[in-house]
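Secondary and tertiary structure notes
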Amino acid sequence: MMQRIAVRYYRPLILLSLLVLFLLVVLHVAAGSVVISPFDVIAALFNRPVAPYERIIVWDLRLPRALIALVAGAMFGLAGAILQSIMRNPLAEPEMTGATSGAVLFAVLWLSEAGRQLDQPGLLLPFVALPGGLAGGCLVYLLGGAGKSATSRLVLTGVLISAVLRSATSIILLLRQEALGAVLLWLIGSLNGRVWPHWDVLWPWAIVALPSGLACAGLANVLQLGDASATGLGLRVGWTRLSLFFIATLLTAGAVAVVGGITFLGLIAPHIARRVVGADARRLFPFSMLMGAGILLAADTITQTIAQPVTIPVGAALVLLGAPYFLFLIWRRST
Amino acid sequence: MNRYPSNASDHKAALAAEALAVGYGERLVIPALSLQIELGTITALVGPNGSGKSTLLRALARLIAPRSGAVYLDGRAIASLPTREVARHLAVLPQGPETPEELTVGELVEQGRYPHAGPLRMLREQDHAAITEALAQSNLLELRHRRLDSLSGGERQRAWIALALAQATPVLLLDEPTTFLDVSHQLEVLTLIQQLNRSQGKTIILVLHDLNQAARFAGRMIVLHQGRIVADGSPRDVLTTDLLAQVFQVQAHIISHPADGLPVCLPYATI
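Residue and element names in this part refer to chain B. Tracing the backbone shows R198 in helix α7 (residues 183-200). Given 11 C-beta atoms within a 10 Å radius, R198 is considered exposed. Separated by 156 residues in sequence, R198 and I42 place their C-alpha atoms 9.7 Å apart.

If you want it as structure tokens, here you go:
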């Protein structure tokens, strides 16, 4: 029923979601150790006169963080929706591409060697993590997708490669415990201390990968009918699946590089979206994207507000919220 | 017994196979098979389990690549044609297609326009017309906005047939379209297929398990046994006690149906 209403009023729903996202950005910028009135935030954003310190806080300190949450959340949401569609498995998530564990491994390797001589390794971290994420994704892609790719083979390869890369990360962390402190927040996934240079790493990826993913919705629709039907409809199944997998890897690698190993977001956002707008990828993909952005923004606003002055990494908060939901999904599927 | 001599250049053939060899892995299911399907006919592929009837259908629909030999669609080798172009001439309903949860009937049937509309998929007027027509033919207009997982088995099967109809192809291949349906839904699906053949002249090839249904709805029956065609012709010619004994290993009586005189087999013992 809810789905039918959402389908009929899809455009108003999208407009409403965009409005909610804007309000979430405003609240996100308003929250923090110094609380700024949301009206002042809006005034500052639209270049109306406000107190100079508020203007600095809004533009220099908090806006990049809010924009990063918005875009990274959208990337996780879309990556998850793409993977769940092409794997035909509602439990698929971006970590399965190997991009998350690849990015984490590269970051840890770099921090334990070259990075620890730097004052602010956090600024350079994305540049190291990004190739790591791509390398992890390519590894899964080559081992799991070379030649004729079966869905299960890609899934299993992704899970295995991620496990191997994660254990390699653990070993390095145990050998080089001093690197742990610098990288811990990033491992869990956090938006703390994200500033404009981070945004400059993120947006070029988003501008390429988000539209590519959205443009593939029609292909994903055909693909989710199963390999035989999709072939009968004239789709080059193997090639299409690998292309979509590659786009999901780009999205994941880009987002992880900037905000760290956030899990569950790419699982939950598409799930909620599917409940609301159904399985048609032309609605599911954009709405998952908006859902991912909204959830990450809201979660980060909450972690910044409830635990002042201690900052909880948003990744941990998401897992705390996400794990029970995950259990609920498994429980519902098995009954 | 083969009354259809192999000749790939014959323009009457909607679909033809030439020296087709098909297998999975080590196992060769069909060693060498040739056949021609004439335009505007209904052909039933029958045979015991493992006889290669589904494999043949899948090869004809280019869902599996043959080891050797070729399939010709309107006289052109199917392997040399772009797959989307093939999909504009030939639709296939695979056996027991997996149903994506949460998809509605309308959304499923819409995918049938993929070969016509392309990957970016702005549906044009003729696409919407074809979708509505496919839904109307399969008697699904009222269920258009229902989710697939809320339908009965018969309705779901009709939805998949509607998907193939939305493809608007002259040739339609169906792999056991009546499996898992009760007897009235089986007849409903087969009657729909017959109507499509009669009103639109669609060329239809279907794999059927039930010999009597094949005899009732198909003009031509092809019997496969161990990957070879062992009988080919009208149901009256094909359905004999000898054939049932040799191929299906059953003793049976063949009688005429009281309603229309079509042959009906009544097996009573295994051999």
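Residues and elements named next belong to chain B. Pairing is mixed across the open sheet formed by six strands, whose spatial order is β6-β7-β8-β3-β9-β10. Every other strand in the sheet has two partners, leaving β6 (90-93) and β10 (228-233) as the edge strands with one partner each. This sheet shows a mean twist of 15° between the axes of neighbouring strands, independent of strand direction. Pairing analysis gives five bridges linking strand β9 (residues 220-225) to β10, with the strands arranged antiparallel. Looking at β10, one finds that H225 is bridged to R228. Most of the contacts of helix α1 (residues 53-60) go to strand β8 (residues 203-207), to which it runs at about 145°, and overall it touches β3 (42-46), β7 (171-175), β8 and β9.

A separate point is the sheet that holds strand β1 (residues 13-24) of chain B. Residues and elements named next belong to chain B. In space, the four strands of this open sheet follow the order β2-β1-β4-β5, with antiparallel pairing throughout. At either end of the open sheet lies a strand with only one pairing partner, and these are β2 (27-38) and β5 (76-77). As judged from the two bridges shared by strand β4 (residues 68-73) and β5, these two strands associate in the antiparallel manner. Within the sheet, the bridge partner assigned to Y72 lies in β5 and is A77. Contacting β1, β2 and β4, α1 crosses the sheet at an angle of about 120° to β1.

This part takes up helix α10 (residues 241-248) of chain B. All names here are of chain B. For α10, the complete set of buried residues consists of L243, L244 and F248. Around the axis of α10, the buried residues are gathered within 100° of arc, so they sit on the same side. Buried residues in α10 make contact with β9, β10, α9 (235-238), β11 (250-256) and β12 (263-270). Phi for Q249, located one or two positions after α10, is positive at around 60°.

With that settled, the discussion passes to the interface of chain B and chain A. Put simply, an interface is often sized by how much accessible area is lost when its parts join up. Contact residues are listed per partner, giving 24 residues for chain B and 21 residues for chain A. Looking at the side of chain B that touches chain A, the element that brings in the most residues is helix α2 (residues 83-89) of chain B, giving four residues.

Residue and element names in this part refer to chain B. Summarising the model, chain B shows a mean pLDDT of 89, and 94% of its residues fall at 70 or more. Per-residue pLDDT stays below 50 along residues 1-10; that stretch engages in 18 contacts with residues further than four places along the chain or on separate chains. ipTM for the predicted complex: 0.87, alongside a pTM of 0.87.

With that settled, the discussion passes to α1 of chain B. All names here are of chain B. Within α1, eight of the eight residues are buried, which leaves the element mostly enclosed by the surrounding structure. All of the buried residues in α1 are K53, S54, T55, L56, L57, R58, A59 and L60. Looking one or two places after α1, you find R62, whose phi comes out positive at around 55°.

Calculation notes
Residues numbered from 1 in each chain as written. Chains lettered and ligands numbered in written order. Predicted model: local features only at pLDDT ≥ 70, side-chain atom pairs only at ≥ 80, totals over all residues. Helix = DSSP H or I, 4+ residues; strand = E, 2+ residues; numbered from the N terminus. Buried ≥ 20, exposed ≤ 12 C-beta atoms within 10 Å, placed from the backbone. Pairing = 2+ DSSP bridges. Axes fitted to C-alpha atoms, helices over the stretch in contact; angles between N-to-C directions. Contact = placed C-beta atoms within 7 Å. Arc of directions from axis to C-beta. pLDDT = per-residue confidence, 0-100.

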